[in-house]
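What follows is the residue order along each chain.
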Amino acid sequence: MKVAPSILSANFATLGEDVKKVEQLGADWIHIDAMDGQFVPNLTLGPNIVEGLRPITTLTLDCHLMVQEPERFVKEFAKAGADYISVHIEATNHIHRTLQLIKSEGVKAGIVINPGTPVSAISAVLGMVDLVLVMTVNPGFGGQAFIPETLDKVRELVELRKENGYQYLIEVDGGVNGQTAKLCREAGVDVAVAGSYVYYADDIKKAIDSIKEA
Ligand code: DX5
Ligand code: ZN
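Procedures and definitions
Residues numbered from 1 in each chain as written. Chains lettered and ligands numbered in written order. Predicted model: local features only at pLDDT ≥ 70, side-chain atom pairs only at ≥ 80, totals over all residues. Heavy atoms only, no water. Buried < 20%, exposed > 50% of the residue type's maximum accessible area, 1.4 Å probe, protein only. Helix = DSSP H or I, 4+ residues; strand = E, 2+ residues; numbered from the N terminus. Pairing = 2+ DSSP bridges. Right-handed = clockwise from strand over helix to strand, strands pointing away. Lys, Arg positive; Asp, Glu negative; His and termini not counted. Salt bridge = Lys/Arg side-chain N within 4 Å of Asp/Glu carboxyl O. Polar contact = N/O pair within 3.5 Å; in protein donor to acceptor, adjacent residues only side chain to side chain. Contact = heavy atoms within 4.5 Å. Axes fitted to C-alpha atoms, helices over the stretch in contact; angles between N-to-C directions. Parallel < 35°, antiparallel > 145°, perpendicular 65-115°, else oblique. Left-handed = near helix turned anticlockwise from the far one by under 90°. Nonpolar A, V, L, I, M, F, W, Y, C, P; charged D, E, K, R; others polar. Arc of directions from axis to C-beta. Donors = N, O, S within 2.8 Å, 3.2 Å for Na, K, Ca; no water. Tetrahedral: all angles 85-135°; square planar, octahedral: opposite > 155°, others 65-115°.

A word on the pairing of strand β3 (residues 60–66)
At step 1: Of all the seven residues making up β3, six are buried; the element is thus mostly covered by neighbouring parts of the structure.
At step 2: Where strand β2 (residues 29–35) meets β3, seven bridges bridge the pair, whose relative direction is parallel. Residue pairing in the sheet places Met35 in a bridge with Met66 of β3.
At step 3: Handedness of the crossover is the feature at issue here: the chain leaves β2, passes through helix α2 (residues 47–53), returns alongside β3, and the resulting connection is right-handed.
At step 4: Judged from the four bridges that link them, β3 and strand β4 (residues 84–88) form a sheet pairing that is parallel. In the strand pairing of β4, Cys63 is matched with Ile85.

Examining the side chain of Asp33
At step 1: Mapped onto the elements, Asp33 comes out in strand β2.
At step 2: In this structure, Asp33 is buried with no salt-bridge partner, the nearest side chain bearing the opposite charge being Lys153 at 16 Å.
At step 3: Here Ser6 takes part through its side chain, which lies 2.8 Å from a polar atom of the side chain of Asp33.
At step 4: A polar side-chain atom of Asp33 sits 3.1 Å from a polar atom in the side chain of His64.
At step 5: In this view, Asp33 contacts Ser6, Leu8, Thr44, Leu45, His64, Met66 and Asp173; residues no more than four positions away in its chain are not counted.

Side note on the packing of helix α5 (residues 151–164) against helix α6 (residues 178–187)
At step 1: In the contact formed by α5 and α6, the axes pass within 9 Å of each other and the chain directions differ by 25°. Judged on the interaxial angle alone, α6 and α5 are roughly parallel. Taken as a pair, α5 and α6 cross one another with a handedness that is right-handed. Here Leu151, Val154, Arg155 and Val158 of α5 come into contact with α6, specifically with Leu183, Cys184 and Ala187.
At step 2: Looking at side-chain class alone, the contact of α5 with α6 contains six nonpolar, no polar and one charged residues.

Some words on α6
Think of an α-helix as 3.6 residues a turn; residues three or four steps apart then line up on the same face.
At step 1: Of the residues making up α6, those classed as buried are Gly178, Thr180, Ala181, Cys184 and Ala187. The arc that holds the buried residues of α6, viewed along the axis, is 165°, so those residues lie on one side. Counted as exposed and oriented over 90 degrees from the buried face of α6: Gln179 and Glu186.
At step 2: Each element contacted by the buried residues of α6 is listed here: α5, β7 (169–173), α7 (196–199) and α8 (204–212).

Description of the environment of Gly52
At step 1: Secondary-structure assignment places Gly52 in helix α2.
At step 2: Given a relative accessible area of 43%, Gly52 falls into the partly exposed group.
At step 3: On a C-alpha basis, the gap between Gly52 and Ala80 in space is 8.2 Å, while along the polypeptide they are 28 residues apart.

So, the coordination of the zinc ion (ligand 2)
At step 1: Looking at the zinc ion (ligand 2), the protein donor atoms are His31 (NE2), Asp33 (OD), His64 (ND1) and Asp173 (OD), and they sit 2.0 to 2.3 Å from it.
At step 2: Coordination geometry of the zinc ion (ligand 2): the six donor atoms subtend angles of 70 to 171° at the metal centre, consistent with an arrangement described as octahedral.
At step 3: Read in sequence order, the donor residues coordinating the zinc ion (ligand 2) give the pattern H-x1-D-x30-H-x108-D. Taken together, the residues span a long stretch of sequence, with His31 in strand β2 and His64 in strand β3 at a distance of 33 residues.

Pasting the structure below:
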């Protein structure tokens, strides 16, 4: 499994160094959580952070937009240097148009489902996405407990990909640690996001390895 440390749990006073540190210790992607205080009850990072990090790392910048009507911000994230832009099905009335917009910017398009949203809600667009992000916690905060039932959706997505020849990667986000990473890998996850488990670890390399080699 690939690992994408979430900089939500990094030290913002030394953000660049915190990104370089996980890059050197084996991180595959960098996960950037944008929250608007409306779709989720928290405020965090915007395109300016992506722009600031772009020149200092060659890792894939994986931008997770937890914002209402994410279509309003796609162009800015693309211009800032995002590699993936992922939007929640629950946050827009125009998911197809939004995914098209992301792709037209030359960026890989991801779709995200909350723990309460079934895979059937996104079945119409599975053929056009590069990434499906299955939330394994309710979005808004780092450090929450993993919801194991969400892995049924990962298994369903693995099946659908096989049956239909779809190309998407399957990512999970929230509550990933050395133990839950094993469950994710068994279910068929390709990329695991981990914030607090990586950034609060005494031994960051060990934490990263425990997910990659779960
Ligand atoms: C939650 C965010 C996550 C968060 C995960 O809304 O989308 O990316 O940083 O944090 P942990 O790994 O601590 O659950
Ligand atoms: Zn996230």
